[in-house]
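# Understanding the architecture of this molecule
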Amino acid sequence: MAKKSFDVQVIAKLCKACGICVSLCPKNVFDRAADGKAVVSRPEECIGCVSCELHCPDFCVEVMEKEAE
Amino acid sequence: MAKVRLVQGNEACALGALKAGASFYAGYPITPSTEIAEHMAEMMPACGARFVQMEDEIASIGAVIGAAATGAKAFTATSGPGFSLMQELVGYAALTEVPCVIVDVQRMGPSTGLPTLSSQGDIQQARWGSHGDHSVIAIAPSSVMETYYQTIKAFNLAEKYRTPVVFLLDEEIGHLRERFEVDPDEAVEIIDRKQPTCAPEEYLPYENVEDGVPAMAKFGQGYRYHITGLTHNEKGFYSSALPVVDTFNRRLLGKIEDHVDEIFESEEFFTDDCDVLLIAYGSVARSAQEAMEELREQGLKVGLFRPITIWPIHEEKIKALCAGKKAVIVPEMNMAQYAREVRRIVPSETPVIPLSRVDSELIIPEEVAELVKEVLK
Amino acid sequence: MKPAYQKYFRDNLPHIWCAGCGNGIVMSAWARAVDELGLDKNNMIGVSGIGCSSRITGYLDLHTLHTAHGRALPFATGAKMARPDMDVFVFSGDGDCSAIGGNHFIHACRRNINMTLIVINNNIYGMTGGQFSPLTPFGKKATTAPYGSIDRSFNLCDLAIGAGASFVARGDIFHAKQLTDLIKAGYQHKGFSVIEVIAACPISYGRRNGIPNPADMMQYIKEHTVMKAAAEKMSAEELADKHIIGVLQEINEAPEYCESYAALCERVQGGTK
């Protein structure tokens, strides 16, 4: 079975740069931009735990499973 | 068929509420209003209406507003101390424009005062008890029968104008038992709040409509909207934008004050043909009327103006009635709370004389008559 | 496309809450719960009081009542009694619920009306800038306790249990998935459900108490919460600064008030008093 892969998105206009997703991500998918907001740097590392999505206070992180190619 | 029986004012209020379609009551026991709660507890289950005894008066009016938001005709009954506790939420109901009725059976205050004795001390509190500018409607009946019919009117006005209505009984009327002859099946006018007809997504619960009273959807009918005690825009959401706040506050006052002709009700006796005009309301109006009748038999030209609607006050009417009188006497069981309004309205050449009693004794006809004679001397 | 749970939100984001505020996490946990339960927006009423957490109703696409400070439960009581067929959710904060609304809280627990109360406990009055609440732990700092609070705090869940609440649970914003499950369980319980949520206020509480960073605050909550089953094996000393999370009370036999009232009506209408 092929390894699942995920799309991770941060809606920048809603992000308040709290850093919670960055710190909770077990796979270090995110970095912080100069303004502190989360940016998705390594989406290929995502294991789909959705910890970022569940803990985002601003509803701006979304994790979607990619359809198998 | 009307059956004649002796009924207490508080019971008449309870019967009037049911006739008006009251489907929710929340209250907390307090003398001298408790009989209303007792009657509601007994009568409401029989017609499927909801009764709940809450933990205090703040909770009571909170529950009333919550029920009213879902569409219920809701009310509570209390007396001075409880009415004081309710004030924040009376303002909430005014600002959020949720119809409800608050019965205040007035007793001697301030504070615990004299719980079992009568007073008219909450006249100004009914108008200004809650902080900020807002309008309110208040009614003070003078008899048991009138209590019944005016209770129905209180609910109708609450619905029509989306406002809290304060029903100001005094202990005397609340506990008075007198002839009550009402056909329970009598057809009376019942007013329900205006409902929106637009699509839910276009609904503006606080729309600046011409008559000042926007339609109010009931919860659970597809119009999902927000009710907040924050100053809000037409959609109902918080706004501090200057024109929004100004328009909103002016509409809130205007929707009542601009309709004073429709809201105001009073009774007049010889007001055109009198030298001295008595202005009295509630239980005191009965003494004033008797004094007037006796004095007229003696040939003295005395008239009586009895406002049934206490707020809004009909300034034009009072000004016109008082014009050219030798004196206006305002007997009331407080320190001139209504008299100060009359004084404010009437030109200074007409003397406005308060007759105040705050020793818990009723004002009797002889006292009124004596003062009239002294004035006419 | 928006995630499914966001259909319960109004279209007025971003919200007013500060960066790292726990309120948004609770809001999404709630929305996921009602989405999983398949609840109908047209049949739901959201009620709140005053405070940061109480602003939640402004963002929920339901029939919403943002009431006065401490008074959400009385309003909800009236709404639910008038419309027992509708689902009522009440959102409150530690100050709103346990201080100014404390009396309503214990009586709602006692009365047992079928509705769900979510109390977001961030240990502080956030809206007014960081004063201590009845749930601020002893010794912690606030603007009105600049030298550390000397007020003893309530244990809100113990208070609810003592007052007879038929469902009491505690969750927290770190265990967000569990929080959704607790909200679902609270909703499914017939009777009054209390769900306390240990949440973060990094700005007004964290900054004054050495945890200004939202991520650190999250870590702090993780380290200071213990699942009920694990707590049963721990000593009082070990549990001293911990919050026990999970379902703490569930009584299914307690009469639900609206049902009792309906039965009373039937009795009266049937002529037997």
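In short, a report on the structure. Quick caveat, the model's predicted, so the values are computed rather than measured.

### Concerning the overall build of chain A
Per the secondary structure count, chain A includes two helices and four strands. The N-to-C order of helical and strand elements in chain A reads β-α-β-β-α-β. For 69 residues, the compact-globule estimate of 2.2 N^0.38 gives 11 Å, and the C-alpha radius of gyration of chain A, at 12 Å, lies within 12% of that figure. For chain A, the spread of C-alpha atoms along the three principal axes comes to 40 × 20 × 15 Å.

### Observations regarding the overall build of chain C
When helices and strands are counted, chain C shows eleven helices and ten strands. In terms of overall size, chain C behaves like a compact globule, its C-alpha atoms giving a radius of gyration of 18 Å where 273 residues would be expected to give roughly 19 Å. Oriented by its inertia axes, the alpha-carbon framework of chain C measures out at about 65 × 45 × 35 Å. The burial tally for chain C puts 60% of its 273 residues in the buried class.

### Observations regarding the pairing of strand β3 (residues 87-93) of chain C
Residues and elements named next belong to chain C. Most of β3 is tucked away, with seven of its seven residues classed as buried. On β3, burial covers both faces: D87, F89, F91 and G93 on one face and V88, V90 and S92 on the other are all buried. Where strand β1 (residues 44-48) meets β3, five bridges bridge the pair, whose relative direction is parallel. Counted as the bridge partner of I45 is V88 from β3.

### Re the interface of chain A and chain C
Each side of the interface is counted separately: chain A has 15 residues, and chain C has 26 residues. Contact between chain A and chain C buries roughly 1,700 Å² in total, counting both sides, with carbon and sulfur atoms accounting for 65%. Sorting the residues of chain A by area buried against chain C places A:K16, A:L54 and A:F59 first, and these three jointly supply 40% of that buried surface. Viewed at the interface, chain C and chain A are joined by one salt bridge. In this structure, C:R32 and A:E53 form a salt bridge, with 3.4 Å as the shortest nitrogen-oxygen distance.

### Let's talk about the sheet that holds strand β10 (residues 226-228) of chain B
Across the sheet, nine strands lie side by side as β10(B)-β2(C)-β1(C)-β3(C)-β4(C)-β8(C)-β7(C)-β10(C)-β9(C); this open sheet has mixed pairing. The sheet is open, and its two borders are formed by β10 of chain B together with β9 (225-227) of chain C, each paired with just one other strand. Along the sheet, successive strands turn relative to each other by an average axial angle of 20°, direction set aside. Where strand β4 (residues 116-121) of chain C meets strand β8 (residues 193-198) of chain C, six bridges bridge the pair, whose relative direction is parallel. Bridge assignment links C:N121 to a residue of β8(C), and that residue is C:I198. Of the strands in this sheet, β3, β4, β7 (167-172), β8, β9 and β10 (243-250) of chain C touch helix α6 (residues 176-188) of chain C, which is tilted by about 165° from β7(C).

### Let's talk about the packing of helix α1 (residues 9-20) of chain B against helix α6 (residues 144-161) of chain B
Residues and elements named next belong to chain B. Interaxial distance between α1 and α6 falls to 7 Å at its minimum, and their mutual angle equals 35°. In terms of crossing hand, the pair formed by α1 and α6 is right-handed. Contacts between α1 and α6 involve G9, A12, C13, L15, G16, A17, K19 and A20 from the first element and V144, T147, Y148, T151, I152 and F155 from the second. Residues that form the contact of α1 with α6 fall into these classes: nine nonpolar, four polar and one charged.

### Here we look at the nonpolar core
Core analysis: the biggest nonpolar cluster contains 94 residues, and B:F24, B:Y338 and B:V342 have the highest contact counts within it. No other element matches helix α3 (residues 57-69) of chain B, which puts nine residues into this core. When we break this core down by domain, the ones giving at least three residues each are domain 1 (3-182) and domain 2 (268-376) of chain B. Not counting residues within four places of it along the chain, the set of residues in contact with B:V342 comprises B:I279, B:I318, B:C322, B:V328, B:V330 and B:V352. Among the nonpolar cores identified, the runner-up in size contains 50 residues, and A:I20, C:W30, C:A142 and C:L179 belong to it.

### Describing the sheet that holds strand β16 (residues 352-356) of chain B
All names here are of chain B. Strand order in this open sheet of five strands is β11-β13-β12-β15-β16, and the pairing throughout is mixed. Of all the strands in the sheet, the pair left with one neighbour each is β11 (266-269) and β16. Averaged over all adjacent pairs, the angle separating strand axes in this sheet is 20°, with direction ignored. With four bridges joining them, β11 and strand β13 (residues 302-307) adopt antiparallel strand pairing. Of the residues in β13, the one forming a bridge with S266 is P307.

### Things to note about the interface of chain B and chain C
Opposite the 41 residues of chain B that make contact, chain C presents 38 residues. Of the roughly 3,100 Å² buried between chain B and chain C on both sides combined, carbon and sulfur atoms contribute 60%. Put simply, chain B and chain C have two salt bridges between them. A salt bridge links B:E55 to C:R111; the shortest N-O distance between them is 2.8 Å. Put simply, the parts of the chain that give the side of chain B that touches chain C at least two residues each are β3 (50-53), α3, α4 (80-96) and β10 of chain B. Considered class by class, the residues forming the side of chain B that touches chain C number 25 nonpolar, eleven polar and five charged.

### What about α6(C)?
Relative to the 18 Å expected for 13 residues at 1.5 Å per residue, α6(C) spans 19 Å between its end C-alpha atoms, a close match to the ideal helical length. When we look at burial in α6(C), the residues that qualify are C:A176, C:Q178, C:L179, C:T180, C:L182, C:I183, C:K184 and C:G186.

### Regarding the packing of aromatic side chains
Working definition: an aromatic ring pair is given by the centre-to-centre distance plus the angle between the planes. Residue and element names in this part refer to chain B. For the coordinates displayed, the defined rule picks out 18 aromatic pairs over all chains. Residues F75 and F155 carry aromatic rings whose centres are separated by 5.4 Å and whose planes lie at 75° to one another, so their mutual orientation is edge-to-face. Taken together, the positions of F75 in strand β4 (residues 74-78) and F155 in helix α6 put the pair 80 residues apart, joining distant regions of the chain. Between the aromatic rings of Y203 and Y225, the centroid separation amounts to 5.3 Å while the plane-to-plane angle is 90°, which identifies the pairing as edge-to-face. Within this pair, whereas Y203 is found in the loop between β9 (177-182) and β10, its partner Y225 is found in the loop between β9 and β10, the two being separated by 22 residues in sequence.

### Considerations on the pattern of salt bridges
Summed over the entire model, instances satisfying the criterion amount to 34 salt bridges over all chains. Each of B:E97, B:R251 and B:K255 takes part in one network of salt bridges that share partners.

What counts, and where the lines are drawn
- Residues numbered from 1 in each chain as written.
- Chains lettered and ligands numbered in written order.
- Predicted model: local features only at pLDDT ≥ 70, side-chain atom pairs only at ≥ 80, totals over all residues.
- Heavy atoms only, no water.
- Helix = DSSP H or I, 4+ residues; strand = E, 2+ residues; numbered from the N terminus.
- Rg over C-alpha atoms; globule rule 2.2 N^0.38 Å.
- Buried < 20%, exposed > 50% of the residue type's maximum accessible area, 1.4 Å probe, protein only.
- Pairing = 2+ DSSP bridges.
- Contact = heavy atoms within 4.5 Å.
- Buried area = accessible area lost by both parts, 1.4 Å probe.
- Salt bridge = Lys/Arg side-chain N within 4 Å of Asp/Glu carboxyl O.
- Axes fitted to C-alpha atoms, helices over the stretch in contact; angles between N-to-C directions.
- Left-handed = near helix turned anticlockwise from the far one by under 90°.
- Nonpolar A, V, L, I, M, F, W, Y, C, P; charged D, E, K, R; others polar.
- Core = buried A, V, L, I, M, F, W, Y, C linked by side-chain atoms within 4.5 Å.
- Domains from an automatic or database assignment.
- Expected span 1.5 Å × (residues − 1).
- Phe/Tyr/Trp six-rings, centres within 6.5 Å; stacked < 30°, edge-to-face > 60°.

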